[in-house]
Amino acid sequence: DVANTGVYMFALAAAASAAAPLESVDGAAFFEPFSSDWESRWLVSKDADFQGTWIHEAYTEPEGTPGDKGLMVGNEAKKHAVSHLFKEPIDPKGTGLVVQYELHMKKDLKCGGAYLKLLTASEELDHDGFKAETPYTIMFGPDKCGGTNKVHFILRHKSPATGEWEEKHLKKAPTPLLAVGETHLYTAIVGADNTVTLLIDNEEKVKASLLESDDFTPPVNPPKEIDDPDDKKPDDWVDTAKIDDPEASKPDDWDEDAPMMIEDPKAEKPESWLDDAPLQVPDPEAEPPDDWDEEEDGEWEAPIVDNPDCKEFGCGEWKAPQIRNPDYKGKWTAPKVDNPEYKGVWKPKQIANPGYFSDEQPHAMAPIGGIGIELWTMQDGALFDNILISTDPAPAKVAAEAFAARSEAEKAAKKAKQE
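Since this is a predicted model, take the numbers as computed values, not measurements.

**Student:** What is the right way to read the overall build of the protein from this model?
**Tutor:** From N to C terminus, the protein includes four helices and 25 strands. Relative to the compact-globule value of 22 Å for 419 residues, the protein shows a C-alpha radius of gyration of 36 Å, a clear excess of over 25%. Taken along its principal axes, the extent of the C-alpha atoms in the protein is 100 × 85 × 40 Å. Across the 419 residues that make up the protein, the buried fraction comes to 40%. Residue pairs in contact within the protein that sit at least 24 positions apart in sequence constitute 76% of those at least 6 positions apart. Within the protein, one finds 43 positive and 85 negative side-chain charges whose respective centroids are separated by 11 Å.

**Student:** Help me out: how do you make sense of the state of the cysteines in this one?
**Tutor:** As used here, a disulfide is simply a covalent bond connecting the sulfur atoms of two cysteines. According to the stated counting rule, one finds two disulfides in the structure shown. With its sulfur 1.8 Å from that of its partner, C111 forms a disulfide with C145. Across the S-S bond of C111 and C145 the torsion is about -75°, and the bridge reads as left-handed. With C111 in the loop between β6 (96-105) and β7 (112-113) and C145 in strand β9 (residues 136-145), the pair connects residues that are 34 residues apart, well separated along the chain. Given the relative accessible area of 12%, C111 is considered buried.

**Student:** What am I meant to see in the environment of A188 here?
**Tutor:** For A188, the position within the fold is in strand β12 (residues 183-191). It is 9.5 Å that separates the C-alpha atoms of A188 and Y101, two residues lying 87 residues apart in sequence. Each residue touching A188, except ones within four places of it in the same chain, is listed here: L97, V98, V99, F140, F153, T197 and L198.

**Student:** Is there a simple way to think about the nonpolar core in this case?
**Tutor:** Membership of the largest hydrophobic core comes to 55 residues, with the highest contact counts inside it found for F140, F153 and F384. Take this core: its biggest share by element is five residues, from β6. Core analysis: the second largest hydrophobic core is formed by seven residues, L22, F31, V98 and L388 among them.

**Student:** Is there a simple way to explain the pairing of strand β14 (residues 203-209) in this structure?
**Tutor:** Where a strand is regular, its side chains alternate between the two sheet faces. Inspection of the sheet shows strand β13 (residues 195-200) paired to β14 by six bridges, in the antiparallel sense. Within β14, the residue paired with L199 across the bridge is E204. Two successive antiparallel strands, β13 and β14, enclose a turn made up of two residues, where D201 displays a positive phi of approximately 55°.

**Student:** I would appreciate a short explanation of the side chain of T183 in the present structure.
**Tutor:** Position of T183 among the secondary structure elements: in strand β12. T183 gets classed as buried once you look at its relative accessible area, which sits at 3%. Reaching out from T183, the side chain makes a polar contact with the side chain of E410 at a distance of 2.8 Å. Those residues in contact with T183 that lie beyond four places of it in its chain are Y59, E102, L103, H104, D201, F403, R406 and E410.

**Student:** For this particular structure, what's the right way to read the environment of K329?
**Tutor:** Counting through the fold element by element, K329 comes out in the loop between β21 (322-324) and β22 (336-338). On a C-alpha basis, the gap between K329 and K93 in space is 72 Å, while along the polypeptide they are 236 residues apart. The contact partners of K329, leaving out residues within four places of it in the chain, are D253 and W254.

**Student:** Hey, could you run me through the side chain of E374 in this one?
**Tutor:** Structurally, E374 is set in strand β24 (residues 368-377). At a separation of 2.5 Å, a polar atom in the side chain of E374 contacts the side chain of K117. Among residues more than four places away in sequence, those in contact with E374 are F50, H80, A81, Y115, K117 and F130.

**Student:** Help me understand unusual backbone geometry, please; the structure alone is not making it clear to me.
**Tutor:** Trans peptide bonds make up the majority, and among non-glycine residues the majority have a negative phi. Between E61 and the following residue, P62, the backbone shows a cis peptide bond with an omega angle of 0°. Within the secondary structure, P62 sits in the loop between β3 (54-58) and β4 (69-73). The omega torsion of the bond from T217 to P218 falls at -15°, within 30 degrees of zero and hence cis. Within the secondary structure layout, P218 lies in the loop between β15 (216-217) and β16 (225-227). Even without glycine at this site, D201 takes up a positive phi of about 55°. Structurally, the position occupied by D201 is in the loop between β13 and β14.

**Student:** Which parts of the structure should I look at to understand the pattern of salt bridges?
**Tutor:** Two side chains with opposite charge may pair up if their charged atoms get near one another. For the structure shown, the criterion picks out 17 salt bridges. In this structure, the salt-bridge partner of K205 is E203, at a minimum N-O distance of 3.4 Å. Judged by its relative accessible area of 40%, K205 falls in the partly exposed class. With a relative accessible area of 48%, E203 lands in the partly exposed category. A salt bridge links D244 to K336, with the shortest nitrogen-to-oxygen separation between them at 2.7 Å. One end of the pair, D244, is in strand β17 (residues 242-244); the other, K336, is in strand β22, with 92 residues separating them in the sequence. When its relative accessible area of 55% is taken as the criterion, K336 is described as exposed. Among the charged side chains, a network of salt bridges with common partners joins D68, E102, D385 and R406.

**Student:** Would you explain the packing of aromatic side chains in this entry?
**Tutor:** In this description, an aromatic ring pair is defined by two values, namely the gap between the centres and the angle between the planes. Tallying each qualifying case throughout the model produces seven aromatic pairs. Plain terms: the ring middles of Y101 and F140 are 6.1 Å apart, the flat faces sit at 85° to each other, and that makes the pair edge-to-face. Here Y101, found in strand β6, pairs with F140, found in strand β9; they are 39 residues apart in sequence, far enough to count as distant. Neither Y101 nor F140 differs from the other in exposure class; each is buried. Among the aromatic residues, those joined into a cluster by ring pairs are F30, F34, W42 and F86.

Cut-offs and rules
Residues numbered from 1 in each chain as written. Predicted model: local features only at pLDDT ≥ 70, side-chain atom pairs only at ≥ 80, totals over all residues. Heavy atoms only, no water. Helix = DSSP H or I, 4+ residues; strand = E, 2+ residues; numbered from the N terminus. Rg over C-alpha atoms; globule rule 2.2 N^0.38 Å. Buried < 20%, exposed > 50% of the residue type's maximum accessible area, 1.4 Å probe, protein only. Contact = heavy atoms within 4.5 Å. Lys, Arg positive; Asp, Glu negative; His and termini not counted. Charge placed at Lys NZ, Arg CZ, Asp CG, Glu CD. Disulfide = S-S within 2.5 Å. Core = buried A, V, L, I, M, F, W, Y, C linked by side-chain atoms within 4.5 Å. Pairing = 2+ DSSP bridges. Polar contact = N/O pair within 3.5 Å; in protein donor to acceptor, adjacent residues only side chain to side chain. Salt bridge = Lys/Arg side-chain N within 4 Å of Asp/Glu carboxyl O. Phe/Tyr/Trp six-rings, centres within 6.5 Å; stacked < 30°, edge-to-face > 60°.

On their own, these measurements won't tell you what the molecule is for.
Shown next, in the form of structure tokens:
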């Protein structure tokens with residue numbers, strides 16, 4: 001009605017004033033609001049692997065920030081890739097790093113990713129855009145498909161011992177918020193103290209350390225010793241802790257053939273039991289239809305129903321109910337005793353890990369030369385906005401406050417529309 005429409009329009013006006021689109025954030029090393037000229041800054045991959053399109057799209061109505069747009073995955077069941085290269089690499093050494101972005105779902109994500117990749121500054125970065133082998137330093141954001149439903153945080157770390165790169169996955173990854181029509185803020189903070197903190201909607205979900213072996217798999221720093229790959233368990237090694245008692249024997253009165261269930265010897269057939277009564281009878285209450293004509297339709301027969309006397313008294317051959325056999329013992333097995341030959345659980349001997357190193361400052365990750373969104377997804381409709389990278393948490397807090405205003409305005413507009 002007019003009154004409710006007025007309330008809704010007032011809510012939209014309030015939303016517009018309370019949550020104006022961000023255009024820039026002072027102090028951020030990189031900020032992308034996906035304004036109308038976004039294509040001048042971002043490059044859609046020209047690689048044949050990536051056939052998906054990107055759409056500059058508005059948020060689901062009612063919008064928290066009317067008129068604001070983001071970059072949306074445009075196709076189902078296709079690979080999508082888009083990237084932006086920095087003029088100068090961002091080096092987190094000594095400062096740490098913050099990556100943050102808003103994600104709005106216009107459709108239900110059933111199988112696909114909605115994460116960012118911070119691209120490693122290297123000669124492999126291509127101004128023609130993403131390729132399958134484009135290296136990254138950090139991958140961060142939601143991923144959902146089958147049994148996977150988590151917010152990834154993966155650090156690609158280079159071993160100073162071997163020069164090999166290895167992905168280090170955060171173990172306790174939080175669950176993402178992916179409801180249709182909602183906007184959520186994802187924040188990852190890597191501190192100069194080597195801590196990793198993940199937040200969703202400004203709320204801390206996980207705090208871990210790059211130096212703790214239990215927080216990442218595989219751990220950033222490998223163990224000093226490893227199993228000797230050439231050490232084999234001896235053929236005569238006994239690792240069975242318990243064995244059948246060799247001195248035990250089955251008792252003479254043990255009957256393995258006795259059934260588990262027997263007829264109850266105390267049961268008696270009720271006197272009212274109807275041995276010869278049929279289990280089903282013509283329905284005694286049924287009557288032929290008024291328009292039934294025996295000459296045309298034949299002799300009418302009542303439908304067959306369960307004999308009501310059987311329910312009340314019991315019919316047919318009477319059988320005693322089954323009860324558990326008190327003499328049942330089942331198959332006899334010898335009791336277990338300690339194995340006198342038992343040597344314990346065999347483990348290979350430990351040797352020095354040839355790939356061992358100790359990186360005490362893994363936050364000083366490979367410098368970042370660009371940012372990309374590279375996804376394979378079965379659904380379109382994931383909309384990215386307000387991507388921020390900073391070596392200082394303060395600019396991220398400014399963008400987070402703007403998100404909070406948008407979120408509140410979004411909720412108020414939805415509530416007004418429902419009323």
